[in-house]
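Residue-level structure breakdown
Here are the chains, one letter per residue:
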Amino acid sequence: MYDQRTEEAPQTPPTTASAGHDPATVERGSFCTARCRCGWSGPARRSRDRARTDAAEHRAAP
């Protein structure tokens with residue numbers, strides 16, 4: 001297996017609510033997980049699009 005970090009999360013300028021969050025997607029085998037530098041990690045998904053959505057929802061969360 002390999003662990004590959006891809007910058008698939010939508011890139012938007014940081015706002016006050018999202019200044020501490022920088023989620024990105026990480027691929028591991030056939031799964032993709034959204035992770036953030038704050039320690040948050042989304043569930044492993046086969047759908048990369050859903051993992052990007054998880055990252056965007058985390059970025060928007062207070």
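Preceding this paragraph is the structure being described.
What comes next concerns the included structure. (Residues numbered from 1 in each chain as written. Predicted model: local features only at pLDDT ≥ 70, side-chain atom pairs only at ≥ 80, totals over all residues. Heavy atoms only, no water.)

Once that is clear, we can look at the overall build of the protein. Secondary structure assignment for the protein yields one helix and three strands. Listing the helices and strands of the protein from first to last along the sequence gives β-β-β-α. Counting every position in the protein, which comprises 62 residues, the buried fraction comes to 31%. Sequence separation of 24 or more characterises 25% of the internal contacts of the protein that already satisfy a separation of 6 or more. Total accessible area computed for the protein in this model is approximately 4,000 Å², and 53% of it derives from carbon and sulfur atoms. (Helix = DSSP H or I, 4+ residues; strand = E, 2+ residues; numbered from the N terminus. Buried < 20%, exposed > 50% of the residue type's maximum accessible area, 1.4 Å probe, protein only. Contact = heavy atoms within 4.5 Å. Areas by Shrake-Rupley, 256 points an atom, 1.4 Å probe, with all protein chains shown as cover.)

Locating His-58 in the fold gives a position in helix α1 (residues 48–60). Take His-58: its relative accessible area is 12%, and that puts it in the buried class. As a C-alpha pair, His-58 and Pro-23 span 35 residues in sequence and 7.5 Å in three-dimensional space. Setting aside residues up to four positions removed in sequence, His-58 forms contacts with His-21, Pro-23, Cys-36, Cys-38 and Trp-40.

Right, let's get into the pairing of strand β2 (residues 24–28). Most of β2 is tucked away, with four of its five residues classed as buried. Relative to strand β3 (residues 31–35), β2 runs antiparallel, the two sharing five bridges. Within β3, the position partnered with Glu-27 by the bridge is Cys-32. A loop of two residues connects β2 with β3, the two strands running antiparallel in sequence, and Gly-29 in this loop sits at a positive phi of about 65°. (Pairing = 2+ DSSP bridges.)

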